Amino acid sequence: AAAAKMAALGSGGTRWRRAWLPALQLLRHGSKAVTRHWKAMNFQRQKLLAVTEYLPPRPAVPPRCLPRDTAKGHEEDGYARVLRRQVEDALRSSRMVAVCQYNSMPDEDVTMFRHYLRRHNIHVKFFHNEVVQPVLAESKYRNLLPLFVCRNILLVSPETRAREMLRVLKGVPQVNLLGACIDDTILSRQGVENFARLPPLEVSQGQTVAALSLLSSQTSSLLQRGPAHLTALLDEHIRRLRDAGGTEGPTEPPLGQSAGNQ
């Protein structure tokens, strides 16, 4: 019985082993033949593709020069309001506003540059274009907006010190004058140089007064020349009559004296 039982178990184990398959089987298939290999493109076709490649047109104005789109409902920063107020105060209290292109220079040179200008009552203002442009657009200096393209600085003064400003800028090649507004008049660089050659206001006023007084004195002399000449002629005629009367002999007595003697 025991032997029969072992034989039955042996036959069942063999059948179980024959029916079992592993969960993961590694199968190796034959590699497929590669029928396409990389091949260099024909040179004529490369030229054709290069010629017919689409090139989008360039904008007339560079994107960096266009005004930025401000989101609606965006609240303005408090620091920006303070800077705009400073720009408005500087423009309001200045008779000369010069716009210059600023290139990088050492801090020591910037300090000396500001010192030399401050000696002539000219102040240097560093403001970003995003702060200055909105203020200029709403003021009388709106014609200066085309000058604010790159990094700029403002030279402001309550007096018209164009000659002193050009003398200082001549020794600082990193700062280039682009234009200015002097006494509400927009001037280019050449216009500022011509304005600097003009004499001071007091000298011009003196020359104008002298020219006007000269014209009035000439007019007065011309008006008085005729009466004076006539007076001189009459005086000369009277003198000649007196001289002629003294040289003649005794004249006839008057009618009254002759009647009394008779």
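Residues numbered from 1 in each chain as written. Predicted model: local features only at pLDDT ≥ 70, side-chain atom pairs only at ≥ 80, totals over all residues. Heavy atoms only, no water.

Q: I'd like to hear about the packing of helix α4 (residues 107-118) against helix α6 (residues 162-169), residue by residue, with values.
A: Where α4 contacts α6, the two axes come as close as 10 Å, and the packing angle between them is 160 degrees. In terms of their interaxial angle, α4 and α6 are classed as roughly antiparallel. Crossing angle aside, the handedness with which α4 passes α6 is right-handed. In contact with Phe-113, Tyr-116 and Leu-117 of α4, α6 contributes Met-165, Val-168 and Leu-169. (Axes fitted to C-alpha atoms, helices over the stretch in contact; angles between N-to-C directions. Helix = DSSP H or I, 4+ residues; strand = E, 2+ residues; numbered from the N terminus. Parallel < 35°, antiparallel > 145°, perpendicular 65-115°, else oblique. Left-handed = near helix turned anticlockwise from the far one by under 90°. Contact = heavy atoms within 4.5 Å.)

Q: Please give an account of the packing of helix α3 (residues 78-92) against helix α5 (residues 129-137) that cites residues and values.
A: For any two helices packed against each other, the geometry is given by the interaxial angle and the distance between the axes. Orientation of α3 relative to α5, taken along the N-to-C sense of each, is 55 degrees, at an axis distance of 9 Å. Our classification of the angle between α3 and α5 gives oblique. In the crossing of α3 with α5, the sense of the turn from one axis to the other is right-handed. Facing α3, whose interface residues are Leu-83, Arg-84, Val-87, Glu-88 and Leu-91, α5 presents Glu-130, Val-131, Val-132, Pro-134, Val-135 and Leu-136. Split into classes, the residues belonging to the contact of α3 with α5 amount to eight nonpolar, no polar and three charged. (Nonpolar A, V, L, I, M, F, W, Y, C, P; charged D, E, K, R; others polar.)

Q: Can you tell me about the nonpolar core, naming the residues and giving the values?
A: Grouped together as the largest cluster of nonpolar side chains are 25 residues, with contacts concentrated most on Phe-113, Leu-155, Met-165 and Val-175. With five residues, the top contributor of residues to this core is α6. (Core = buried A, V, L, I, M, F, W, Y, C linked by side-chain atoms within 4.5 Å. Buried < 20%, exposed > 50% of the residue type's maximum accessible area, 1.4 Å probe, protein only.)

Q: Explain the layout of surface pockets residue by residue, including any values.
A: Gaps between atoms show up when a probe of the same size as a water molecule is rolled over them. Estimates place the volume of the second largest pocket at around 440 Å³. Those elements that place two or more of their residues in the lining of the second largest pocket are α6, α7 (189-197) and α8 (201-247). A class-by-class count of the residues in the lining of the second largest pocket yields seven nonpolar, two polar and seven charged. (1 Å grid on protein atoms, 1.4 Å probe; cavity = no way out; pocket = protein on both sides within 12 Å on 5 of 7 lines; lining within 4 Å. Points joined across faces, edges and corners; volume = space filled by probe spheres on them.)

Q: Which residues make up empty space enclosed by the protein, and what values go with them?
A: With the rule as written, the count across this model stands at one cavity of 30 Å³ or more. The computed volume of the largest cavity comes to approximately 30 Å³. Looking at the lining of the largest cavity residue by residue, the classes come out as seven nonpolar, no polar and no charged.

Q: Residue-level account of the sheet that holds strand β1 (residues 96-102), with values.
A: Ordered by their spatial adjacency, five strands build an open sheet running β2-β3-β1-β4-β5, and the pairing between neighbours is antiparallel. Only two strands of the sheet have a single neighbouring strand rather than two, namely β2 (123-125) and β5 (185-188). Direction aside, neighbouring strands of the sheet carry axes that sit 25 degrees apart on average. In this structure, β1 lies alongside strand β4 (residues 175-182), joined through seven bridges in antiparallel fashion. Along β4, the bridge assignment pairs Val-99 with Gly-179. Most of the contacts of α7 go to β5, to which it runs at about 105 degrees, and overall it touches β4 and β5. (Pairing = 2+ DSSP bridges.)

Q: Account for the pattern of salt bridges, naming residues and giving values.
A: A side chain of one charge can pair with a side chain of the opposite charge if their charged atoms are brought near each other. Enumeration according to the criterion identifies eight salt bridges in this entry. For Asp-184, the salt bridge is made with Lys-140, and the minimal N-O distance between the two is 2.8 Å. Taken together, the residues Asp-184 in the loop between β4 and β5 and Lys-140 in the loop between α5 and β3 (152-157) connect sequence positions 44 residues apart. Each member of the pair, Asp-184 together with Lys-140, is exposed. In this structure, Arg-239 and Asp-243 form a salt bridge, with 3.3 Å as the shortest nitrogen-oxygen distance. Taken together, the residues Arg-239 and Asp-243, both in helix α8 and four residues apart, mark about one turn of the helix. Relative accessible area serves as the criterion here: at 41%, Arg-239 is assigned to the partly exposed category. Looking at Asp-243, the relative accessible area reads 42%, which means it is partly exposed. The network of salt bridges with common partners includes Glu-236, Arg-239, Arg-240 and Asp-243. (Salt bridge = Lys/Arg side-chain N within 4 Å of Asp/Glu carboxyl O.)

Q: Residues and numbers for α5, please.
A: By the burial criterion, the buried members of α5 are Asn-129, Val-131, Val-132, Val-135 and Leu-136. All buried residues of α5 project into a common sector of 155 degrees when viewed along the axis, lining one side. Looking at the buried side of α5, the elements it contacts are α3 and β3. (Arc of directions from axis to C-beta.)

Q: I'd love a proper account of the side chain of Ser-94, names of residues and values included.
A: In this fold, Ser-94 is placed in the loop between α3 and β1. When near neighbours in sequence (up to four residues on either side) are disregarded, Ser-94 contacts Tyr-141, Val-156, Ser-157 and Pro-158.

Q: I'd like to hear about α3, residue by residue, with values.
A: The terminal C-alpha atoms of α3, which comprises 15 residues, lie 21 Å apart, in line with the 21 Å expected from a rise of 1.5 Å per residue. When we look at burial in α3, the residues that qualify are Leu-83, Val-87, Ala-90 and Leu-91. For α3, the angular spread of buried residues about the axis comes to 95 degrees, placing them on one side. Against β1, β2 and α5 lie the buried residues of α3. (Expected span 1.5 Å × (residues − 1).)

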